[in-house]
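Per-entry structural report
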Amino acid sequence: MESVAYSLCRIWILFLLFWLGQGRQMAPPGFVQSSCHSRIFWMKLNKLLLQGKFFQLEINDPYAGPVLLDEKLASRCGYVLSEDVWGNPVFRASVLGCHVVNEADELFSLTVNIKVSSFASMRAAVTYTYPMYCSYSSWAPREIVCEENYMEVSVKTDVPAVSNDYTVAWMSALPETQNVAYQLWQLMFVSPSGRKRIMVSDAAKLGYSFNNTLYRVYLRAPYHSNESDISMVSGVNMNLVTSTSMYRQRWLLMLIDTTVSCPLDGTSFTDTTLTWTVPSVIPTLVLQESTFLSKNIVMGVDGQVIVNPEENNYLLEHNKTHIGITIPIGAEGGKLKSSVSCGVYGIIYSIDLFLEHTWTDADWQTTKYTVIKSITTPFMPQIPTVINNTLPEERIFNIAFGHFLPDVSLVSITIGNVPFTLREAQHRGYKIYETSFSNGTKGFILEVSFDDPYVLKEYVNRNETKYTLLVNYTLSVGPEMVLYYHSAEVECVIADIEIPEATGYCDEENLYLAIPIFGLHQYWNLYLGAKLLNRHTALTNGYLAASNSTHLVLQIPLFAVGVTYEEVSFQKIKARFDVALRKVRTMETLQIFSVSCNFNSSAFIICHPDGTIMISAQMKTVPAIDMSKTKLRDSSCKPKEYNKGHAFFMFHVTTCGTSVRFEGDHIVYENEISYEKETLPGQSQPKITRDPDYRLTVSCYYRAKETVMLGAFVSEPSTSRPFGSGTMVPRSNTAVYRRIRKALNVVSRVSKNESFMDFYEPNEAILKRPVESVFLEVELKDESPNAELYLDNCWVTGSLDFNSAPRWNITVDGCKINSSEYVAEFCSVAASPRVRHPSHFKRLAVRTLARQLGQVYVHCLVAVCSPGSPCRGQCSPSKERNDHRSASLQGYVLAGPVQIVDPDLR
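My aim in this report is to walk through the structure given alongside it, one point at a time. (Residues numbered from 1 in each chain as written. Predicted model: local features only at pLDDT ≥ 70, side-chain atom pairs only at ≥ 80, totals over all residues. Heavy atoms only, no water.)

1. Some remarks on the side chain of S82
What counts is decided by this rule: Numbered from the N terminus, helices here are DSSP runs of H or I no shorter than four residues, and strands are runs of E no shorter than two. The contact rule is simple, with two residues in contact once any of their heavy atoms fall within 4.5 Å.
Topologically, S82 is positioned in strand β5 (residues 79–83). With near-sequence residues (within four places) excluded, S82 lies in contact with N88, P89, V90, R92 and E148.

Shown next, in the form of structure tokens:
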């Protein structure tokens, strides 16, 4: 009779399942995969067929129809809905789940409805009905499953009698058994807060699920319930629910231990591995540890048993206290995923593991303990590398950027400061392509020509160019497509610059330099001494400059500024012109371009910077004169060389009767070449002369006003007269030659006190009370240690004009003058790190005696003497004072303005 009823029940269930499937569709091929392992249904959905869609799962109740799956139902009824490491939805269900059809604890079936819609509201959803089947008969007396969201224990109902070792837990439960309802299952929980006895119907309200099958009783509990406890076992936190299931009939009282304990953690990580640890022996599940015997340990990945873990480089090991599974980061079966955290690129590794441990003990005979765990590593930064594979000879940057997982894609690049999409970059000529590496990662190759305008170019060393590529990568990372930015700077230095070589030649009156124009002003400039040789300098100095597509040609007149005279006589002039090739940025001299030639010149005057004057005078008189008898003002100064038509003189401005005068802002040194007539006695007076009268005035112009104000050099206006020029003027006052030369290099500065260590800066106001001294220092910028500087005449005026009035003298002929308005005192000069040659310095302290307020300037004419000259001391005896002017090269300095202010206003 029972068998007939059982058959009718099966027919009814099949009919109901057929009825529920009416109007529903079968899942498309490849959409659903399912399996059964270790009494668990496994179902996986293909995420590719769910892209852009929403889905829900319904569990078909054989008696009540579809039930929507939610979190509460899942943990109570033994269901799990999650994702695998690849992002595919995964559904797992215990064969003891609430809606599973159970046939004699051997055959199990469960039907799931998969609803798919293009809308979040799930309207117009398509429902796919998917039945799953599982066969499981190798039940152990006790089986425990630790899932992600629930703990489940099931035991056979024909369990042996209670052992004497259960004294504490079980004896405490015996008083409660007196109150067990007749023919109703009840649960008693023991926790630190005490004992709690509830009916099975009430247990469901607390999130528990308790039921019995034909041969088994099971309890399913959520993690962290009020009746649970947390304890540490061998360093692993365990969630423990201690419970006893009680059932009473007329002649029977059944007490079943339904205690369950599952690990909460146990994972640890290194840079290369993850380790999952589970206790070997759990005291609450093995009360008689001396009888414990581990029989079998199996591990699995993604629902599949791994028979030989070592083949996948997995390590499964165990001892008396622990079972450990170690997985290399990136191992097969798991998934690496790219991620971005705080702007840093990194990876996350995930793997779905399960562990099945079978043991025996004296109380339960056999226990099968299954733990399912999804493990994800913390974020692991992986700084990308930029590898410079550039071959300089190809003149193309080749940059490899990696390593990245396959879920990273390049979105755009920025070269310099200019962004490009990949299409724009390819159109511009940049080559961008992916490359694969042996470890399964990939990189991006970028090729950019050295000649691209966005590549930075810098001239370095002597003949090299440093090419710099600044690139910023924008990448899309992971399925979330988070943008990641990475900048790189790649350099390559190539010796691809040819230092130019100049060609020099001359004609009768000029020197020429032909200089290649490649790189001019870009890499290097031309310098005449310390001055940049540009168009303005060339025009000012009288050079002619012409250029074509390849060369710049400079024409330098023989007597132009910058020409060096290596040898001078009345027969020839050996002249040289030098131009320095210097780097634009560092001013390093790379080459000296030089042209040197011999010239024949009939008449010339050369005014050297050191005060030497060379004159080749051409005498054209009728009748001709004897050139050997020509002389300068000092009749002892005769020509060094001469012939019938020329005389060559060489003398210093301090000798041969040379006079000095000021003309505007120039010092003019003048002398005269003359020829005295010879007289012949006649028969009667007057005497007869046969020689013509000859006078030739020669002049050299040196700039005198080299003004220094507060220690800063102030150039004179360009309209001022050129300095260092020379002229020869016959009686007709016709200028014959003039050439420009440098003046004395003399500077002045004002010290803040008598130490002469701290000086006023340019544009810094100098404020003094009427009784306070102005400390003036004058320095000769000369390398000759034997030269000596003197302050000849110094005076104070209210203007910076050289000829302004009124003026108050403070030194005359090198000696101080104390007047009623101003007094001056010379200050000693000692050698120091700054003062190498004390003879090059003069210091003067000047103060006013009158209560005169306003702006004043200090003017000084200075003299420079060299050994052998008649200069003797700063203040010479009266008979020698007049020699200062004639025996030294003179200059001029100016200091100021100094503001004489009211003491009460300072």
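2. Some words on unusual backbone geometry
Spelled out, the test is: Residue burial is assigned from relative accessible area. The probe radius is 1.4 Å, only protein chains are included, and a residue is buried under 20% of its type maximum, exposed over 50%, and partly exposed in between.
For the bond from G402 to H403, the omega torsion is 0°, close enough to zero to count as cis. Here H403 shows up in strand β31 (residues 396–404). Following A805, the chain continues into P806 via a peptide bond in cis, with omega recorded as 0°. Residue position: P806 is located in the loop between β63 (788–797) and β64 (807–812). At S234, a position not held by glycine, the phi torsion is positive, near 50°. One can find S234 in the loop between β16 (229–233) and β17 (236–248). The backbone phi angle of N313 is positive, close to 65°, even though this residue is not glycine. Considering the arrangement of structural elements, one finds N313 in the loop between β23 (304–306) and β24 (315–318). The class for N313 is exposed, based on a relative accessible area of 58%.

3. Comments concerning the pattern of salt bridges
Basically, it comes down to this: Only one rule defines a salt bridge in this text: a Lys or Arg side-chain nitrogen within 4 Å of an Asp or Glu carboxyl oxygen.
Using the criterion set out here, one finds 32 salt bridges in the structure. Put simply, E148 and R92 hold a salt bridge, and the shortest N to O gap is 3.2 Å. Linking E148 in the loop between β10 (142–146) and β11 (151–156) with R92 in strand β6 (residues 89–94), this pair joins segments that are 56 residues apart in sequence. Measuring nitrogen to oxygen at the nearest pair gives 3.7 Å for the salt bridge that ties K583 to E588. Residue E588 is classed as partly exposed on the basis of its relative accessible area, which comes to 37%.

4. Quick look at the pairing of strand β8 (residues 107–117)
To keep things clear, this is the line we draw: Here the rule is simple: two strands pair whenever DSSP picks up at least two bridges between them.
A large share of β8 lies buried, amounting to 10 of its 11 residues. Of the pairings in the sheet, the one linking strand β3 (residues 54–61) to β8 comprises six bridges and is antiparallel in character. Bridging from a neighbouring strand, Q56 pairs with K115 of β8. With three bridges joining them, strand β7 (residues 101–103) and β8 adopt antiparallel strand pairing. Its bridge partner lying in β8, N102 is registered against F108. Hairpin connection between β7 and β8: a loop of three residues separates the two successive antiparallel strands, and A104 in this loop has a positive phi of roughly 60°. In terms of strand pairing, β8 meets strand β9 (residues 126–135) through 10 bridges, oriented antiparallel. Directly across from K115, in β9, lies its bridge partner T127.

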